[in-house]
Amino acid sequence: MKAIWSSILILVLMSCGGPEPRKPVKVKSGSFFKESVERNKTLLAQEETIIQKIIERDSLHEYMASPSGFWYYFDAKNDSSRYLPKTNDQILFSYDLRSLDNDTIYTAQEIGPTSYVVDKEQLFTGLQNAVKLLKINEKATFIFPSLQAYGYHGDGDRIGPRTPLKSTIELHTIIINQDSLNLKP
């Protein structure tokens, strides 16, 4: 009997050691992120080359580069206004989406007028920054690299992954603290 109790005591003491942590099977480094950054840089450079060729061939318009990384020209300017939309302003605008070959993806009628509180709601990055460059009743055409548009995922419908876009945007109204700067007559 003494031998049984001794055996049990030895088993209990051996099992009290606690679980040992497992060693990782594979150690990951930051190489995935470095490769992703390099892929993005290469993609952006390729898209910028294509966009620059489009700009060079378009002798009718004077393109401007935005600080955000896209290009645009004005279709209609409003020199009588100085106010540009700011954070928390509510704006009403319309826009379309096209491929770089000008094939229509979404018409302005399909999208409809868009009400947006500047910097407080989700739009794709390029569109968020583009509307802040327009004054009331201005209309401009923008060219967005895919990273400024819908990026690696597309929109899940008509816009595929890594698709640069053209968009003509018209700003209709800016509302600041419930006061409209302009309601189109």
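The structure presented is a predicted model; accordingly, all values stated were derived computationally and were not measured. (Residues numbered from 1 in each chain as written. Predicted model: local features only at pLDDT ≥ 70, side-chain atom pairs only at ≥ 80, totals over all residues. Heavy atoms only, no water.)

Q: Report on the packing of aromatic side chains, specifying residues and quantitative values.
A: All told, the structure shown has 11 aromatic pairs when counted by the stated rule. With a centroid separation of 5.0 Å and 80 degrees between ring planes, the pair formed by Tyr-63 and Tyr-73 is classed as edge-to-face. Within this pair, whereas Tyr-63 is found in the loop between helix 2 (31–57) and strand 1 (64–65), its partner Tyr-73 is found in strand 2 (residues 71–76), the two being separated by 10 residues in sequence. The residues Tyr-63 and Tyr-73 share a single accessibility class, namely buried. Residues Tyr-72 and Phe-142 carry aromatic rings whose centres are separated by 5.2 Å and whose planes lie at 20 degrees to one another, so their mutual orientation is stacked. Remark: Phe-142 occurs in strand 7 (residues 139–144) and Tyr-72 occurs in strand 2; sequence separation between them is 70 residues. Neither Tyr-72 nor Phe-142 differs from the other in exposure class; each is buried. For the cation-ring pair, Lys-77 lies above Phe-74, with the distance from its terminal atom to the ring centre recorded as 4.0 Å. Across the ring face of Tyr-83, the terminal group of Lys-86 is positioned such that the distance to the ring centre comes to 4.4 Å. (Phe/Tyr/Trp six-rings, centres within 6.5 Å; stacked < 30°, edge-to-face > 60°. Helix = DSSP H or I, 4+ residues; strand = E, 2+ residues; numbered from the N terminus. Buried < 20%, exposed > 50% of the residue type's maximum accessible area, 1.4 Å probe, protein only. Lys NZ or Arg CZ within 6 Å of the ring centre and 35° of its normal.)

Q: So what's going on with the pairing of strand 2? Which residues, and what values?
A: Regular strands place side chains that alternate from one sheet face to the opposite one. Across two bridges, the pairing between strand 1 and strand 2 is antiparallel. Among the inter-strand pairings, Ala-65 is bridged to a residue of strand 2, identified as Trp-71. The antiparallel hairpin formed by strand 1 and strand 2 contains five residues in its connecting segment, where Gly-69 sits at a positive phi of about 105 degrees. (Pairing = 2+ DSSP bridges.)

Q: Break down the pairing of strand 7 for me, citing the residues and quoting the values.
A: When you tally the buried positions in strand 7, you get five out of six residues, the bulk of the element. With six bridges connecting them, strand 7 and strand 8 (residues 165–176) associate as antiparallel partners. Considered in strand 8, the bridge of Ala-140 is made with Ile-169.

Q: I'd like a rundown of the pattern of salt bridges, residues and numbers included.
A: Under the criterion given, the structure shown has six salt bridges. Measuring nitrogen to oxygen at the nearest pair gives 2.8 Å for the salt bridge that ties Glu-110 to Arg-158. One end of the pair, Glu-110, is in helix 3 (residues 108–111); the other, Arg-158, is in the loop between strand 7 and strand 8, with 48 residues separating them in the sequence. A relative accessible area of 44% means that Glu-110 is categorised as partly exposed. Residue class for Arg-158 comes out partly exposed when judged on its relative accessible area of 43%. Salt-bridge contacts for Lys-132 lead to Asp-119; the nearest nitrogen and oxygen are separated by 2.9 Å. Linking Lys-132 in the loop between helix 4 (125–130) and strand 7 with Asp-119 in the loop between strand 6 (114–117) and helix 4, this pair joins segments that are 13 residues apart in sequence. You can call Lys-132 partly exposed: its relative accessible area is 23%. By relative accessible area, which is 34% here, Asp-119 ends up partly exposed. Through salt bridges with shared partners, one network takes in Lys-77, Lys-135 and Glu-138. (Salt bridge = Lys/Arg side-chain N within 4 Å of Asp/Glu carboxyl O.)

Keep in mind these numbers describe shape, not what the thing actually does.
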